[in-house]
Amino acid sequence: MKHVKSLLLGAAALALLAAAGCYRNPSDVAVHKPGVYNGSPDPLIAKLQSPQLNRTLDERAIVAFRDR
């Protein structure tokens, strides 16, 4: 009976710790406006404007899809 009580107490403590790990402060939640991007600028967009990179990617695509 003593082991059952200690096991039950341990399980309750573990459940309490698990539930505490799921807590999130409501002030930490980010609210975003629909259709508005709030992230940092994507550096790859500027690279995709390069004609040389576009030619290289086109050539790689032609080679990759040639057998299909």
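Residues numbered from 1 in each chain as written. Predicted model: local features only at pLDDT ≥ 70, side-chain atom pairs only at ≥ 80, totals over all residues. Heavy atoms only, no water.

Visitor: Talk me through the overall build of the protein chain; I want residue IDs and the actual numbers.
Guide: Secondary structure summary: the protein chain contains 3 helices and 0 strands in total. When the helices and strands of the protein chain are placed in sequence order, the string is α-α-α. Computed over C-alpha atoms, the radius of gyration of the protein chain comes to 28 Å, more than 25% over the 11 Å expected from 2.2 N^0.38 for 68 residues, which places it beyond the range of a compact globule. Summing over all exposed atoms, the protein chain offers an accessible surface of approximately 6900 Å²; the carbon and sulfur share of this is 66%. When the 9 basic and 5 acidic side-chain charges of the protein chain are each reduced to a single mean position, those positions are 15 Å apart. (Helix = DSSP H or I, 4+ residues; strand = E, 2+ residues; numbered from the N terminus. Rg over C-alpha atoms; globule rule 2.2 N^0.38 Å. Areas by Shrake-Rupley, 256 points an atom, 1.4 Å probe, with all protein chains shown as cover. Lys, Arg positive; Asp, Glu negative; His and termini not counted. Charge placed at Lys NZ, Arg CZ, Asp CG, Glu CD.)

Visitor: Go over helix H3 (residues 51–65) with me, naming the residues and quoting the values.
Guide: Its 15 residues place the ends of H3 21 Å apart at the C-alpha level, agreeing with the 21 Å of an ideal helix rising 1.5 Å per residue. Burial analysis of H3 places just 0 of its 15 residues in the buried class, a small minority of the element. (Expected span 1.5 Å × (residues − 1). Buried < 20%, exposed > 50% of the residue type's maximum accessible area, 1.4 Å probe, protein only.)

Visitor: Provide a residue-level description of the environment of Lys5, including the pertinent values.
Guide: By secondary structure assignment, the location of Lys5 is in helix H1 (residues 2–21). Between the alpha carbons of Lys5 and Ala64 there is a distance of 65 Å; along the sequence they are 59 residues apart.

Visitor: Just give me the short version of the environment of Ser6, but keep the residues and values in it.
Guide: As for its placement among the helices and strands, Ser6 is situated in helix H1. For Ser6, a relative accessible area of 44% translates into the label partly exposed. Here the alpha-carbon distance between Ser6 and Phe65, two residues 59 residues apart in the chain, equals 65 Å.

Visitor: For the confidence of the model for the protein chain, give the residues involved together with the corresponding values.
Guide: Low pLDDT marks stretches whose predicted atomic positions should not be read closely. Here the protein chain shows a mean pLDDT of 84. Residues at 70 or above account for 94%. Taken element by element, the protein chain is modelled with least confidence in H1, mean pLDDT 83, and with most confidence in H3, mean pLDDT 92. (pLDDT = per-residue confidence, 0-100.)

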